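# Fold and contact review
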Amino acid sequence: MKRILIIDDDAGVRETFLAALADRTYALEAAESGAAGLESAQQNRPDLVFLDLKMPDMNGIEALSHLHAICPGVPVYIVTAFYGEFLKPLKQAQSRGITFDLARKPLTLAEIRAIADGVLKRRVDTAPPHHH
Amino acid sequence: MHPICLRLYVTGQTPSAERAIATLEELRKDFDGRISVEVIDVLDDPVAALSDDVYATPTVFRIAPAPVRRLFGDLSRKETLILGLGLA
């Protein structure tokens, strides 16, 4: 079973992701901090990570670097309201070979599902295209 | 036959972005060069991404001919792109 890890210090955001993906056959794990997320990833390698950028203690950029060390190649979606203020560190991470995709908050339940299915069902390829 | 303009938003060279680019290149050949593809890295042009209301990468738009269509998800299959973007 594919595993999704959600790392966000906002309980409401974590709940939204969990609710959006509840009817899917994915194992879901939610962490309230970068440190907790890394611990989770270390114990059970995720197949997809949704990662908040702005978190106290360890921000998303730092967590992203550690994630790529712990779980190289795991798809990471950085989820943020506006990544403008993080543009420079994001580009620096990119230039260091750390890959990630971006998703803009707020995401609807359908958008969350589309992202997860798009990444995780690719090989199974039963999900219809999400288009407007 | 109208020229087809596509715009792909990516975040760097993720595997999903590279798959999308490769598939679009195949389509370009299949359509005898009628398709043009513009690739935008959202970190290089966040304003464009905001303007097109990109909620996640990679996302591809059919900009022309109208109407504009957007496709997000698995962009690694030609059939998905042809159907989703109305290219047939």
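Structure's up top.
A brief structural summary. Quick caveat, the model's predicted, so the values are computed rather than measured.

How each quantity is defined
Residues numbered from 1 in each chain as written. Chains lettered and ligands numbered in written order. Predicted model: local features only at pLDDT ≥ 70, side-chain atom pairs only at ≥ 80, totals over all residues. Contact = placed C-beta atoms within 7 Å. Helix = DSSP H or I, 4+ residues; strand = E, 2+ residues; numbered from the N terminus. Nonpolar A, V, L, I, M, F, W, Y, C, P; charged D, E, K, R; others polar. Buried ≥ 20, exposed ≤ 12 C-beta atoms within 10 Å, placed from the backbone. Pairing = 2+ DSSP bridges. Axes fitted to C-alpha atoms, helices over the stretch in contact; angles between N-to-C directions. Parallel < 35°, antiparallel > 145°, perpendicular 65-115°, else oblique.

### Looking at the interface of chain B and chain A
Much of the literature gives interface size as the accessible area that the parts lose upon coming together. Across the contact, 21 residues belong to chain B and 26 residues belong to chain A. Among the elements of the structure, strand E4 (69–72) and helix H3 (78–84) of chain B are those that each provide at least two residues to the side of chain B that touches chain A. It is E4(B) that contributes the most residues to the side of chain B that touches chain A, 4 residues altogether. Among the residues making up the side of chain B that touches chain A, the classes are represented as 8 nonpolar, 10 polar and 3 charged.

### Considering the pairing of strand E1 (residues 3–7) of chain A
The two faces of a sheet get side chains in turn, since along a regular strand they alternate between them. Residues and elements named next belong to chain A. Within E1, 4 of the 5 residues are buried, which leaves the element mostly enclosed by the surrounding structure. Summarising the sheet, E1 and strand E2 (residues 27–31) pair through 5 bridges and their orientation is parallel. In the strand pairing of E2, Leu5 is matched with Glu29.

### Points about the packing of helix H2 (residues 34–43) of chain A against helix H3 (residues 60–70) of chain A
All names here are of chain A. Packing of H2 against H3 brings their axes to within 10 Å, and their N-to-C directions diverge by 10 degrees. With respect to each other, H2 and H3 are oriented roughly parallel. When H2 is examined against H3, the residues Gly34, Gly37, Leu38, Ala41 and Gln42 are found in contact with a partner set consisting of Glu62, Ala63, His66, Leu67 and Ile70. Looking at the contact of H2 with H3 residue by residue, the class counts come to 5 nonpolar, 4 polar and 1 charged.

### Some points on the packing of H3(A) against helix H4 (residues 87–95) of chain A
A pair of packed helices is captured by two measures, namely the crossing angle of their axes and the spacing between those axes. Residues and elements named next belong to chain A. Interhelical geometry of H3 versus H4 gives an angle of 10 degrees and a closest axis separation of 10 Å. Classified by the interaxial angle, the pair formed by H3 and H4 is roughly parallel. Of H4, the residues touching H3 (which contributes Ile61, Leu64 and Ser65) are Pro89, Leu90 and Ala93.

### Thoughts on the environment of Gly60(A)
All names here are of chain A. You can see Gly60 is positioned in helix H3. Between the C-alpha atoms of Gly60 and Lys2, which are 58 residues apart in sequence, the distance is 23 Å. When near neighbours in sequence (up to four residues on either side) are disregarded, Gly60 contacts Leu51, Asp52, Leu53, Met55 and Ile78.

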